[in-house]
Amino acid sequence: MATYSTNEFKGGLKVLLDGDPCTIVENEFVKPGKGQAFNRVRLKNLKTGRVWERTFKSGDSIESADVMDLDMQYVYTDGEFWHFMKTDGSFEQYGASEAAVREARDWLKEQEVYTVTLWDDAVLTVTPPNFVELDIVETDPGVRGDTATGGTKPATLSTGAVVKVPLFIDNHEVIKVDTRTGEYVSRAK
Amino acid sequence: MSDTEAAESWRPAASWTMMRRRARMYADIRSFFAQRGMLEVDTPILSGAMNPDHQIESLSVNTSDMPRYLHTSPEFAMKRLLAAGSGPIWQLCRVFRKGESGRRHNPEFTMLEWYQPGYSEQDLMQEVADLIQQLHAQPVPVAFVAYRQAFRQYAGFDPLAGDLKVLRQATRERFDWSDEDREPMLDLWLAEVVEPALPHDSLTFIHDWPASKAALARIAPDPEDGQPIARRFELFWQGMELANGYYELTDAAEQAQRFEAEQRRRVRHRLHVAPLDRYLDQAMQAGLPETAGVALGVDRLLMALTGTRDIREVLAFPADRA
């Protein structure tokens, strides 16, 4: 198994910590003038999403995690797994568990391309694109011309997610949503 | 680095306001030492010998005849001047440390170092505080705490007494690793637990270090229980280590032993081993006056004076633009 020394640490590096795959979020070099050097590292556990802080002795090594990010198209769900297909023309498919799609579930749309993170060839997480366009399936009728008051109302999307939209938006419109904040951005062009 | 960043990297990283602030700080430092009638000195950056401290790595330079090392502090040369009868001296110079790079580190940085024969480390701590008060617009509160006391207060244990096994256990529980030796573990607790707990806006001098951290400081018994402690201090301000001072060791034989011990540690850690400084040894044998000395990181001082969090913002050209 490959290892990384602390002097190779940088943001985005994938490592194994306590048996879990993690990505390095931040790496800070800490050294007393006359003493041991350390690397103060923030890591995100890719399984749980939790952020850990660890201080390593500089020069120590940790194992690399065989993790890679691939673009895949969302195909369908059978209720137990959510299926994604490689976009490289191989049509190869991967099934993601409920835990793996946790962050993307509200934003899943067929044929849309997602970042699928594989660990030892199994789906670890699915990350939605920053913006997706989704249909509104239920909201109060639009108030024509009301673009100035800044009022909002709830709207249910085709995925089941509920977002706040401006009052002028009508049922069955397609809107653009920021998946990082879960907020309405604009009407789809 | 993005293309736009790369295209702009010929430009200075520090603002002009910051560069003017640095120039003013240098002028204030010069006037502080001039007021005290101290001699400004200038010693070589390249030396045939290397600081043997195994926690500090020197950069080496290829010359036609023999390897030369960039100094990591002007300490050895300044002690030769003291032994030759210089009296109180000070120096502002560039020093170099291999592999030290980060938010508070640049491998090349500016050091202010001075020696006051006849001073104790307490006198010198006071003088360091006086200098900073003179450089800073508003008065800064000053606190003094013994290393032991700081550990008892903030880490909850006595760093000098106690079983190594207990320390290993506590370190493993808190940080998920431990070490054979006490030193790296104490450094870890200091950096991660004690330092962050120090009052951010006060100048805090931690004094009376464990004897194992004496480096070139005199060792004396702790009046509390006779444990050997180093007459050494470090200054912390705004979460940064700014200065390191000693009541200097003057015993040539003891210094030679400590250097030999460092050389053995370098061998054990598979680090580069270079000749020891024989001129320093000769100077010590000729006689170093009783003196206190301190080295202060001037880039970090400028960071603290201006409330800056990244050393890049106080350097015209940080290492990656040099």
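Remember, predicted model here, so these are calculated numbers, not experimental data. (Residues numbered from 1 in each chain as written. Chains lettered and ligands numbered in written order. Predicted model: local features only at pLDDT ≥ 70, side-chain atom pairs only at ≥ 80, totals over all residues. Heavy atoms only, no water.)

**Overview of the packing of aromatic side chains**
Two aromatic rings are characterised by how far apart their centres lie and by the angle between their planes.
Item 1. Under the definition given, this model contains 15 aromatic pairs over all chains.
Item 2. Judged by centre distance (6.2 Å) and plane angle (40 degrees), the ring pair of F38 of chain A and W177 of chain B falls under tilted. With F38 of chain A in strand β4 (residues 38–45) and W177 of chain B in the loop between α6 (164–175) and α7 (182–197), this residue pair bridges two chains.
Item 3. Look at F38 of chain A and you get buried, because its relative accessible area is 1%.
Item 4. Judged by relative accessible area, W177 of chain B falls into the buried class, the value being 12%.
Item 5. Judged by centre distance (5.6 Å) and plane angle (70 degrees), the rings of F151 of chain B and F157 of chain B are edge-to-face.
Item 6. Overall, the relative accessible area of 0% leaves F151 of chain B in the buried class.
Item 7. Its end group placed over the ring of F131 of chain A, K176 of chain A keeps NZ or CZ at 4.9 Å from the ring centre. (Phe/Tyr/Trp six-rings, centres within 6.5 Å; stacked < 30°, edge-to-face > 60°. Helix = DSSP H or I, 4+ residues; strand = E, 2+ residues; numbered from the N terminus. Buried < 20%, exposed > 50% of the residue type's maximum accessible area, 1.4 Å probe, protein only. Lys NZ or Arg CZ within 6 Å of the ring centre and 35° of its normal.)

**Description of the pattern of salt bridges**
Residues and elements named next belong to chain B.
Item 1. For the structure shown, the criterion picks out 34 salt bridges over all chains.
Item 2. Between K79 and E248 there is a salt bridge; the shortest N-O distance is 2.6 Å. Pair noted here: K79 is in helix α3 (residues 75–83) and E248 is in the loop between β11 (240–247) and α8 (252–268), with a separation of 169 residues, a long-range link. We note that K79, like E248, is buried. (Salt bridge = Lys/Arg side-chain N within 4 Å of Asp/Glu carboxyl O.)

**Some points on the UniProt feature "domain: Aminoacyl-transfer RNA synthetases class-II family profile" (unreviewed entry) in chain B**
Item 1. UniProt records the feature "domain: Aminoacyl-transfer RNA synthetases class-II family profile" (unreviewed entry) for residues 22–318 of chain B in the present numbering.
Item 2. End C-alpha atoms of residues 22–318 of chain B are separated by 15 Å, and the span's content is 37% helix alongside 23% strand. (UniProt positions renumbered as here; feature names shortened; annotations may be inferred.)

**Some thoughts on helix α2 (residues 16–35) of chain B**
Residue and element names in this part refer to chain B.
Item 1. Spanning 20 residues, α2 covers 29 Å between terminal C-alpha atoms, matching the ideal 28 Å at 1.5 Å per step.
Item 2. The set of residues buried in α2 consists of M18, R21, R22, M25, Y26, I29, F32 and F33. In an axial view of α2, the angular spread of the buried residues amounts to 145 degrees, which keeps them on one side of the axis. For α2, the exposed residues lying more than 90 degrees away from the buried face are W16, T17, R20, A34 and Q35. (Expected span 1.5 Å × (residues − 1). Arc of directions from axis to C-beta.)

**A short note on the interface of chain A and chain B**
Item 1. Taken together, the contacts link 15 residues of chain A with 24 residues of chain B.
Item 2. Between chain A and chain B, roughly 1800 Å² of surface is buried when both sides are summed, and carbon and sulfur atoms account for 47% of that area.
Item 3. On the chain A side of the contact with chain B, F29, K31 and K34 of chain A bury the most area, a combined 37% of that side's loss.
Item 4. For the pair chain A and chain B, the number of links is five salt bridges.
Item 5. Salt-bridge contacts for R54 of chain A lead to D176 of chain B; the nearest nitrogen and oxygen are separated by 3.0 Å. (Contact = heavy atoms within 4.5 Å. Buried area = accessible area lost by both parts, 1.4 Å probe.)

**Focus: the environment of K98 of chain B**
All names here are of chain B.
Item 1. Examined against the element boundaries, K98 turns out to sit in the loop between β5 (89–96) and β6 (108–117).
Item 2. In the structure, K98 is positioned 218 residues away from A316 in sequence and 20 Å away in space, judged by C-alpha atoms.
Item 3. Apart from the residues lying within four places of it in its own chain, the contact partners of K98 are E57, S58 and L59.

**Here's the deal with the pairing of strand β12 (residues 291–297) of chain B**
Residues and elements named next belong to chain B.
Item 1. With respect to burial, β12 is a largely interior element, seven of its seven residues being buried.
Item 2. Taking every second residue as pointing to the same face, both faces of β12 are buried, with T291, G293, A295 and G297 on one and A292, V294 and L296 on the other.
Item 3. The pairing of β6 with β12 spans seven bridges and is classified as antiparallel. Residue pairing for β12: W114 is matched across the bridge by V294. (Pairing = 2+ DSSP bridges.)

**Some remarks on the sheet that holds strand β9 (residues 93–96) of chain A**
All names here are of chain A.
Item 1. Pairing within the open sheet is antiparallel, and its five strands lie in the order β9-β8-β7-β10-β11. Of all the strands in the sheet, just β9 and β11 (122–127) have a single pairing partner and so form its edges. Each strand axis lies, on average, 45 degrees off the axis of its neighbour in the sheet, ignoring direction.
Item 2. Bridging between strand β8 (residues 82–86) and β9 involves four bridges; their strand directions are antiparallel. Among the inter-strand pairings, M85 is bridged to a residue of β9, identified as Q93. (Axes fitted to C-alpha atoms, helices over the stretch in contact; angles between N-to-C directions.)

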